[in-house]
Amino acid sequence: MSNPVVLIAEELSPATVDALGPDFEIRHCNGADRAELLSAITDVDAILIRSATKVDAEAVAAASKLKVVARAGVGLDNVDVSAATKAGVMVVNAPTSNIVTAAELACGLLISVARNIAPANAALKQGEWKRNKYTGVELAEKTLGVVGLGRIGALVAQRMSAFGMKIVAYDPYIQPARAAQMGVKILSLDELLQVSDFITVHLPKTPETVGLIGEEALRKVKPHVRIVNAARGGIVDEEALFAALKEGRIGGAGLDVYAKEPCTDSPLFQFDNVVATPHLGASTDEAQEKAGISVARSVRLALAGELVPDAVNVQGGVIAEDVRPGLPLAEKLGRIFTALAGEVAVRLDVEVRGEITQHDVKVLELSALKGVFEDVVDETVSYVNAPLFAQERGVEVRLTTSSESPDHRNLVTVRGTLSDGTEVSVSGTLAGPKHIQKIVAVGDDDVDLVFAEHMGFLRYIDRPGVVGTIGRILGDAGINIAGMQVARDQAGGEALVALTVDTAIPAPVLAEIAEEIGATSARAVNLEG
C-alpha cells in the first residue's frame, strides 16, 4: 500500500517535513503558479500552504483524493472553506503559532509611531540630522485602547502595561471581571475612542468589523491619537484614515495590513507619521517553525482518520483522551443503525450516558453521523461533510447526555425515527481497559456481542429449530458463524438473533434465511474498510 501524498506548495521550515515523519510521500510545487498547482494537486491527499497559494473551489474540484488543506498560519483568506466542506475536505490552520509574534509587532509599531523611529531612520541614512523634527511622545501614563481583547490583544495589553500605560479595551465577548484580572477596564467603543492616546486593533475580519474604525470613529478620537492595525486589512478604513491624517485630526498610524494585498503604493505612505510594514505579523523564524510543525501534526491526525483540534470546519473542538476511544464505537453504531433501518431517518438522536459525559462529547454525535451516511451516499463521508448530508436530507439531529448509566460505565445509543414512525436503535459500550467495542442492545433487546466486520440481525417469532435453520443455511453457503446471541421478551414472542460471521452474508443467502424462518426483518452489516 502506497504512502499518502502530501503536497507542500510553498516554502516551509525544514522542521515541518521532519514533523510529518517518514510515512508520507512528500511532493513540492509552486502554489502561486496556478497551472502548476492545478496539475500537482490532482492526486494528493493533503496540501500544505501559506498565504500565496489559493485553494478555491476550482482547486478543490481538481483534487479528487484531497482530504486536508493545511494553512501554516492563522488567516484563511486564500482557502474556500465552504467548497472544501462540501467536498468533505478538512481545513486546518495554526491559530496559536503567531500570537506572540503578532503581539510583538503591534508593540513595535506602537513604539515606532510614538518615537518617529522609521522616518528618523530614513532621514539619517540620507545624511540628515533632524532631532527636532522627529520629537516623539512617551508611552508612560498614556492610555492604550485595545480593540479586541483576544489572545493577541491580551498579550499586547500585558506588554504595554509594563511601559506604564493605562489599558482600556473594547470587546463585547469578554466579561469585565475577566478583563479586570488582566488589569484592563472594559469600555464601549465610543468611550475607548474618546479616552485613548493610542489605539491598537486586534479583531478578526468579519462583515461586522470591516470599516469599524472609519470616518465616524475617527471624528471621536483625540487629535494626537496614534492608531495601530496589525490584525486584518480593512478594519481600519484606509480612506478615512488618510483624510484624518491629511487634516491633522490624528497623530499618526502604524500599519502592517491593508485592504488589498500586496500593497506597494498607498496614499498613506506619503506621511512621515505613518509607519508601514508589508504584513510581517507572522514573519519570524519562530512563528514559521511553530506554524509548520502545528499543521504537520494536524495533517498526520487527519490522514489517520482522527479529528483535529485545529480544524476550522469540523465541529467538536478539542477531544478529551477519555472520549477518543468512543469515536470508532459511535461510527460503527451509526453504520449498524443505517443497516437496521434500511433508510435515512427523519430524526436521529445520539444518546451518550455515563462517566464519559463529564467531558464534551459533541464529537460522538459527529462520529455517529459519519457512520450513518457511510453506506448511504456515493461521496466520501468525513467528519467535515457528515452534518451537511444530514442537513440536505432534512434529518433532525440531536445529542442528549446523562451521567446516569445503570448497566454500563459508558453507553452510546444511536436512535432514529423513520418516515413511518417506526423507531430503530442500537447501543454499544467500551468494555474493560482495552476498550473492547460491544453491542449491548438492539431496540429493546439486550445482547452482548463483540463487534465484527460481518454481522447479521434477524427478527422472527420465537419457535424451536430456528437457530438450527440459520446455521444450516450459512453452513451450506460456506459461511462460518463466529458468535451468536438470541434475545426474546418471552417464549413464543418476538425474538432477535444477532450473529457475527467470518465472511459477508450475500443477499441471496440472507433472503433464503429470512424466508425459511419467516423473519419479520433480516439485515446484514459489513464494516469492512
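This one's a predicted model, so the numbers in the text were calculated from it and none came from an experiment. Every chain is numbered on its own, with residues counted from 1 as its sequence reads. A pLDDT threshold of at least 70 governs which residues receive local features in this predicted model, and a stricter bar of 80 or more applies before side-chain atom pairs are shown or counted, although totals over entire chains, interfaces and linings include all residues. The basis for every side-chain value is the complete set of heavy atoms in the structure, and neither hydrogens nor water enter the calculation.

**Description of the overall build of the chain**
- Counting from the N terminus, the helices are DSSP H or I runs at least four residues long and the strands are E runs at least two residues long. Helices and strands together make up the secondary structure of the chain, namely 17 helices and 22 strands.
- The globule rule used for comparison is 2.2 Å times the number of residues to the exponent 0.38, while the radius of gyration itself is calculated over C-alpha atoms. Expected size for 529 residues packed as a compact globule is a radius of gyration near 24 Å; at 30 Å, the chain overshoots this value by more than 25%.
- Exposed residues in this analysis have more than 50% of their type's maximum accessible area, buried residues have under 20%, and partly exposed residues fall in between, with area computed by a 1.4 Å probe over protein chains only. Within the chain, buried positions represent 49% of all 529 residues.
- In this analysis, two residues are considered to be in contact whenever any of their non-hydrogen atoms come within 4.5 Å of each other. Pairs at least 24 residues apart make up 63% of the contacts formed inside the chain by residues separated by at least 6 positions.
- Method for areas: the Shrake-Rupley scheme with a 1.4 Å probe, in which residue coverage is limited to the protein chains shown. Carbon and sulfur atoms provide 49% of the accessible area of the chain, an area that totals close to 25,000 Å².
- If you average the places of the 49 positive and of the 70 negative side-chain charges in the chain, the two averages end up 8 Å apart. Residues counted as positive are Lys and Arg, residues counted as negative are Asp and Glu, and His and the chain ends are not counted. A single reference atom marks each charge: NZ on Lys, CZ on Arg, CG on Asp, CD on Glu.

**Considering the sheet that holds strand β22 (residues 521-526)**
- Two strands make a pair as long as DSSP finds a minimum of two bridges between them. Pairing in this open sheet of four strands is antiparallel, and the strands run β20-β21-β19-β22 from one edge to the other. Edge strands, defined here as strands with exactly one partner in the open sheet, are β20 (481-488) and β22. If you compare each strand with its neighbour and ignore which way they point, the axes differ by 15 degrees on average.
- Sheet topology places β20 next to strand β21 (residues 494-501); seven bridges connect them, and they run antiparallel. Between N-to-C directions, angles span 0 to 180 degrees; the directions come from axes that are lines fitted to C-alpha atoms, helices contributing only their stretch in contact.

**Quick notes on the pattern of salt bridges**
- Whenever Lys or Arg places a side-chain nitrogen within 4 Å of a carboxyl oxygen from Asp or Glu, that contact is recorded as a salt bridge. Throughout the structure, instances matching the rule amount to 28 salt bridges.
- Among the salt bridges present, the one from Glu215 reaches Arg219, with a minimum N-O distance of 2.5 Å.
- Glu215 gets classed as partly exposed once you look at its relative accessible area, which sits at 35%.
- Note that Asp375 and Arg335 form a salt bridge whose closest N and O atoms lie 3.1 Å from each other. Here the residue Asp375 occupies a position in the loop between α14 (362-374) and α15 (386-392), and Arg335 occupies one in helix α13 (residues 326-341), the gap between them amounting to 40 residues.
- The network of salt bridges with shared partners includes Glu215, Arg219, Glu247 and Arg249.

**Things to note about a negative patch on the surface**
- Patch construction takes residues with relative accessible area above 30% that form no salt bridge. Like charges are linked within 9 Å, and nonpolar side chains (Val, Leu, Ile, Met, Phe, Trp, Tyr) are linked within 5 Å. Taken together, the side chains of Glu104, Asp285, Glu286 and Glu289 make up a negatively charged region of the molecular surface.
- Ranked by residue count, the leading element in the negative patch is helix α12 (residues 285-303), at three residues.
- When you line up the elements, Glu286 lands in helix α12.

**A few points about the domain arrangement of the chain**
- What the domain assignment reports for the chain is domain 1 (5-94 + 286-304), domain 2 (98-276) and domain 3 (321-526).
- Residue ranges assigned to the domains are those given by an automatic or database domain assignment. Computed from C-alpha atoms alone, the centre-to-centre distance between domain 1 and domain 2 is 33 Å.

**Describing the nonpolar core**
- Residues belong to a common nonpolar core when they are buried Ala, Val, Leu, Ile, Met, Phe, Trp, Tyr or Cys residues joined through side-chain atoms within 4.5 Å. One finds Met90, Ile336, Phe337, Leu364, Val426, Ile439 and Phe457 to be the most contacted residues of the largest nonpolar core, which totals 71 residues.
- In terms of residue count, the dominant contributor to this core is α13 (nine residues).
- Split by domain, the residues of this core number at least three in each of domain 1 (5-94 + 286-304) and domain 3 (321-526).
- Every residue in contact with Ile439, bar those within four places of it in the chain, is listed here: Ile336, Val426, Ser427, Gly428, Val447, Asp448, Leu449, Phe451, Met455 and Phe457.

**Some details on the sheet that holds strand β17 (residues 436-442)**
- Pairing within the open sheet is mixed, and its six strands lie in the order β14-β13-β15-β16-β17-β18. At either end of the open sheet lies a strand with only one pairing partner, and these are β14 (396-402) and β18 (445-450). Between one strand and the next, the sheet's axes are offset by a mean angle of 20 degrees, whatever the strand orientation.
- The pairing of β17 with β18 spans four bridges and is antiparallel. The partner of Lys438 across the bridge, within β18, is Val450.
- The sheet strands contacting α13 are β13 (347-354), β15 (410-417), β16 (423-431) and β17, and the helix crosses β16 at an angle near 155 degrees.
- Set on the sheet, α14 makes contact with β13, β14 and β15; between it and β13 the angle comes to about 135 degrees.

**As for unusual backbone geometry**
- With omega at 0 degrees, the peptide bond leading from Glu261 into Pro262 counts as cis.
- Note that Pro262 resides in the loop between β11 (252-255) and β12 (274-276).
- With phi around 70 degrees, Glu141 is a residue other than glycine that occupies positive phi space.
- Mapped onto the fold, Glu141 is located in the loop between α6 (117-125) and β6 (143-147).
- Not every positive phi belongs to a glycine, and His435 is a case in point at roughly 55 degrees.
- With respect to the element layout, His435 can be found in the loop between β16 and β17.

**Quick word on the environment of Ser367**
- Tracing the backbone shows Ser367 in helix α14.
- You can call Ser367 buried: its relative accessible area is 0%.
- Counting along the chain gives 123 residues from Ser367 to Ala244, while the straight-line C-alpha distance between them is 53 Å.
- Filtering out sequence-adjacent residues up to four positions away, Ser367 remains in contact with Leu327, Ala330, Glu331 and Tyr383.
- Polar contacts, as used here, are pairs of N or O atoms within 3.5 Å; protein pairs need one atom able to donate a hydrogen and one able to accept it. Residues neighboring in sequence count only if both atoms are side-chain atoms. Engagement of the side chain of Ser367 in a polar contact is seen with the backbone oxygen of Leu327, the distance being 2.6 Å.

**Remarks on the side chain of Glu351**
- Positionally, Glu351 belongs in strand β13.
- On the accessibility criterion, Glu351 (17% relative accessible area) is buried.
- Among the polar contacts listed, one links the side chain of Glu351 to the side chain of Arg415, at a separation of 2.8 Å.
- Glu351 has contacts with Thr400, Leu411, Val412, Thr413 and Arg415, leaving out every residue within four places of it along the chain.

**Here we look at the packing of aromatic side chains**
- Note on ring pairs: Phe, Tyr and Trp rings are taken, using the six-membered ring of Trp, and paired if centres are within 6.5 Å. Classes follow the plane angle, with under 30 degrees stacked, over 60 edge-to-face and the rest tilted. Evaluation of the coordinates by the stated rule reveals three aromatic pairs.
- Here Tyr258 and Phe269 contribute two aromatic rings whose centre-to-centre distance is 6.0 Å and whose plane-to-plane angle is 90 degrees, an arrangement assigned as edge-to-face. Of this pair, Tyr258 sits in the loop between β11 and β12 while Phe269 sits in the loop between β11 and β12, placing them 11 residues apart in sequence.
- For Tyr258, a relative accessible area of 6% corresponds to the buried category.

**Structural notes on the pairing of strand β9 (residues 198-201)**
- Taking every second residue as pointing to the same face, both faces of β9 are buried, with Phe198 and Thr200 on one and Ile199 and Val201 on the other.
- Inspection of the sheet shows β6 paired to β9 by four bridges, in the parallel sense. Note on β9: the bridge partner recorded for Val147 is Val201.
- Of the strand pairs in this sheet, β9 and strand β10 (residues 226-229) are connected by four bridges, and their pairing is parallel.

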